[in-house]
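# Structural description and commentary
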Amino acid sequence: MPDSTVPPTPPVPLSALLAREDLALRRIAGPDDPGTAVHWVHTSEMADPYPYLLGGELLLTAGVHIPEAAGSGTYFDDYVARIVAAGGAALGFGVAPVHDTVPRALVAACERYGLPLLEVPPQTTFSGVARAVWQLMARARLAELRRVTEAQQSLASAASRPDPVPSVLRQLAQRLGGWAVLYGPEGAEIAGAGREPGAEVGSALAELAGVVRPAEAGAGLPAGTPSAGAGRPTPGARPPAETARAGGATQPGGPAEAGRLGGSADNRRSRPRGEATDAGHPQPQPAGRPSPSPQPPTPTPPNRPHPTSATDTVSGTHLAAYALGAGRGFVLGVAAPGRAPGDHTIVSVAAVLLSLLTGEQQSGTGAARSSALVRLLLGATPEDVAPLLGEGRRWVVVHARPDGEGVPDAVAASALGAALGSALVDPAGEVVRVLVPADRAPEPLPGWTLGVSADVTPEDWSAADTQAARALARARATRAPLLRHGPRPALADLVPPGEAAAHARTLLAPVAAHPALPETLLTWLSLHGSWDRTAVALSVHRNTVRQRIARCATLLEADLDDPDVRMELWFALRHI
């Protein structure tokens with residue numbers, strides 16, 4: 001699980017900081033390790049900075065805290081030992097105004113404890129070093145976001161091709177520079193793409209897929225197959241319980257423990273020196289201490305949930321497995337030379353797409369929806385095709401719009417449909433429309449504003465679509481995450497629909513030639529005459545709303561401040 005103390009920004013390699021000519025930093029002690037990373041910068045003149053460090057810092061000091069007789073005692077050893085114990089990444093010592101040179105005893109202590117020591121020249125300020133770190137972090141984050149965005153677009157395009165599953169796997173393998181494979185419920189490889197790994201890596205990836213595959217998906221299979229249940233080893237292979245890691249963290253208790261963790265590990269904190277990095281491989285033991293014999297894997301208890309993802313590293317190759325769909329047994333496996341920032345997000349997008357594609361293959365709902373569409377195009381009524389879409393008799397229409405700017409793409413629309421429990425999704429411009437069975441009551445979703453219709457029968461889908469649109473407009477105007485259309489008996493129901501429509505056409509004839517005017521008047525009346533909220537709902541300026549309402553009052557020759565006039569107009573506008 002990612003460390004909550006580490007900021008959601010990519011770390012900066014210490015080598016990149018040393019390469020900045022404007023800083024003129026110089027490493028004078030400690031290991032020259034290209035893997036040393038800086039998560040942030042901290043300045044302290046405390047003799048013991050340990051209580052103020054979280055780990056991963058470049059600690060900057062001018063040596064104000066150093067006593068005159070420090071070189072003859074253990075002061076520097078104690079000082080450096082505390083920084084290392086706190087997980088500090090490196091120490092930067094500012095030359096001048098306190099010290100003309102870096103104390104030799106400090107250099108020796110950093111060499112002994114393996115802490116990189118940087119000399120900060122007089123012309124370089126500590127704030128300049130901090131600013132350089134933030135700049136490097138911002139560039140790395142921008143590059144990561146650009147890479148993820150491009151990968152998301154290419155994966156969505158691949159999913160729309162005639163061979164969507166192989167296309168998605170090919171695009172994923174290309175983005176990661178490795179191997180992507182789809183395993184079926186029985187553990188067999190359905191499709192694969194990219195540079196196929198060796199036998200050892202391929203076997204380990206198949207075992208890792210068995211860790212995240214639900215036990216019921218492999219029911220009835222021989223005990224030696226990967227899908228015969230997590231924690232059940234293949235003869236002659238490494239026990240998966242010793243290799244599985246969920247969310248990037250090593251799980252000593254096997255798959256059952258891995259199920260407790262979740263989330264991305266792209267920005268997790270660097271491991272302390274000496275910690276195992278290749279799970280499942282023997283680690284060096286202290287001298288004189290015998291290596292423990294391998295322990296058999298711990299089976300997953302039947303009442304414990306399986307992890308949805310697991311990772312491992314074998315022969316320098318990073319492995320990951322992701323369970324697809326709602327427990328149908330499909331698993332996405334990935335083998336890549338390394339793990340770069342953003343990889344987890346890219347693979348997660350591919351997993352969502354493959355979940356939708358394999359869900360259709362498994363349940364046959366894709367064919368049913370195609371049949372329903374063909375029947376509608378050939379003249380069937382909604383109530384005739386509704387049984388093909390599910391057993392529910394009543395439905396709700398949901399209109400959704402993302403909270404930020406921009407138009408939702410296919411991946412975002414598919415994810416929205418999955419969250420609402422329906423694959424009947426129409427990403428129509430800025431608004432995504434979803435047809436949802438009435439027994440799955442939509443709830444507010446982070447990042448979206450939702451308008452929900454009343455539950456209706458298929459013959460009233462068109463009316464429900466209008467209700468959802470109005471509910472969404474009111475939700476955006478009132479900044480509510482979700483609004484539902486609330487049907488109830490009304491006085492307007494006493495007027496026959498035909499007569500009501502005829503009256504509406506006659507009353508609103510002066511403004512009917514200008515489509516924006518009736519829409520603005522309806523929204524303005526629904527929001528009790530609020531200029532600002534109407535402007536938000538229509539995405540126009542408030543002065544535009546004022547001009548349109550004034551134009552309506554002129555053309556209709558009506559006093560819009562009169563509540564009786566407003567009531568009559570409201571009735572008419574709802575029947576056009």
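So, here's what we can say about the structure. (Residues numbered from 1 in each chain as written. Predicted model: local features only at pLDDT ≥ 70, side-chain atom pairs only at ≥ 80, totals over all residues. Heavy atoms only, no water.)

Here we come to the overall build of the chain. The secondary structure content of the chain amounts to 18 helices and 19 strands. A buried classification covers 43% of the 576 residues belonging to the chain. In the chain, of all internal contacts separated by at least 6 residues, the share reaching a separation of at least 24 is 67%. With the model as given, the accessible surface of the chain reaches about 28600 Å², and the carbon-plus-sulfur share is 56%. (Helix = DSSP H or I, 4+ residues; strand = E, 2+ residues; numbered from the N terminus. Buried < 20%, exposed > 50% of the residue type's maximum accessible area, 1.4 Å probe, protein only. Contact = heavy atoms within 4.5 Å. Areas by Shrake-Rupley, 256 points an atom, 1.4 Å probe, with all protein chains shown as cover.)

The subject of this paragraph is helix α6 (residues 199–212). Note that an α-helix has 3.6 residues per turn; residues three or four places apart therefore point the same way. When the terminal C-alpha atoms of α6 are compared, their 21 Å separation across 14 residues agrees well with the 20 Å that a helix rising 1.5 Å per residue should span. Counting buried residues along α6, 10 of its 14 residues qualify, which places the element largely inside the surrounding structure. Three or more residues of α6 are buried, namely Val201, Ala204, Leu205, Ala206, Glu207, Leu208, Ala209, Gly210, Val211 and Val212. (Expected span 1.5 Å × (residues − 1).)

This paragraph deals with the environment of Glu144. Secondary-structure assignment places Glu144 in helix α4 (residues 126–159). Look at Glu144 and you get buried, because its relative accessible area is 8%. With 197 residues separating them in the primary sequence, Glu144 and Pro341 have C-alpha atoms 6.4 Å apart. Apart from residues lying up to four places away in sequence, Glu144 is in contact with Pro10, Pro341 and Gly342.

Quick look at the sheet that holds strand β18 (residues 448–452) now. Across the sheet, which stays open at both edges, the five strands sit in the order β16-β17-β15-β18-β19 with mixed pairing between neighbours. The outermost strands of the open sheet, each flanked by one partner alone, are β16 (425–428) and β19 (482–484). Each strand axis lies, on average, 20 degrees off the axis of its neighbour in the sheet, ignoring direction. Here strand β15 (residues 395–402) runs beside strand β17 (residues 431–437); their pairing, made up of six bridges, is antiparallel. When the sheet's bridge partners are listed, His399 is paired in β17 with Arg433. (Pairing = 2+ DSSP bridges. Axes fitted to C-alpha atoms, helices over the stretch in contact; angles between N-to-C directions.)

Okay, the pairing of β17 next. Strand residues, when the strand is regular, have side chains that alternate between the two faces of the sheet. Here β17 lies mainly inside the structure; six of its seven residues are buried. Both β16 and β17 contribute to a ladder of four bridges, which runs antiparallel. Paired with Val425 across the two strands is Val434, which belongs to β17. Hairpin geometry of β16 and β17 is characterised by an intervening segment of two residues between the two adjacent antiparallel strands and by a positive phi of about 70 degrees at Gly429.

Moving on to the packing of aromatic side chains. What the rule picks out here adds up to four aromatic pairs. Consider the rings of Tyr75 and Phe76, whose centres lie 5.6 Å apart with planes at 85 degrees: the pair is edge-to-face. Of the two residues examined, Tyr75 and Phe76, each falls in the buried class. An aromatic cluster of at least three residues, connected via ring pairs, comprises Tyr75, Phe76 and Tyr79. It is Arg82 that lies over the ring of Tyr50; its NZ or CZ is 4.2 Å from the centre. (Phe/Tyr/Trp six-rings, centres within 6.5 Å; stacked < 30°, edge-to-face > 60°. Lys NZ or Arg CZ within 6 Å of the ring centre and 35° of its normal.)

Our next topic: the sheet that holds strand β2 (residues 26–29). Read across the open sheet, the five strands follow the order β2-β7-β6-β5-β4; overall the sheet is mixed. Strands at the two margins of the open sheet, each flanked by one partner only, are β2 and β4 (40–43). Adjacent strand axes in the sheet meet at a mean angle of 30 degrees, parallel and antiparallel pairs treated alike. As paired strands, strand β6 (residues 90–94) and strand β7 (residues 117–120) are joined by four bridges and run parallel to one another. By the bridge assignment, Leu91 is partnered in β7 with Leu117. Those strands touched by helix α3 (residues 104–113) are β2, β6 and β7, and its axis lies near 80 degrees from that of β2. Docked against the sheet, α4 engages β4, β5 (57–61), β6 and β7, running at close to 165 degrees with respect to β4.

In this section: the nonpolar core. One broad trend across soluble globular proteins is that nonpolar side chains are buried collectively. Counting 30 residues, the largest nonpolar core has Leu155, Val168, Leu169, Leu172, Leu332 and Leu354 as its most contacted members. Put simply, the parts of the chain that give this core at least two residues each are α4, α5 (164–176), β8 (179–183), β9 (189–194), β13 (317–323), β14 (331–336) and α8 (343–363). Here the element with the most residues in this core is α8; it accounts for eight residues. (Core = buried A, V, L, I, M, F, W, Y, C linked by side-chain atoms within 4.5 Å.)

With that settled, consider the environment of Leu357. Relative to the assigned elements, Leu357 resides in helix α8. Spatially, the C-alpha atom of Leu357 lies 7.1 Å from that of Val165, the residues being 192 residues apart in sequence.

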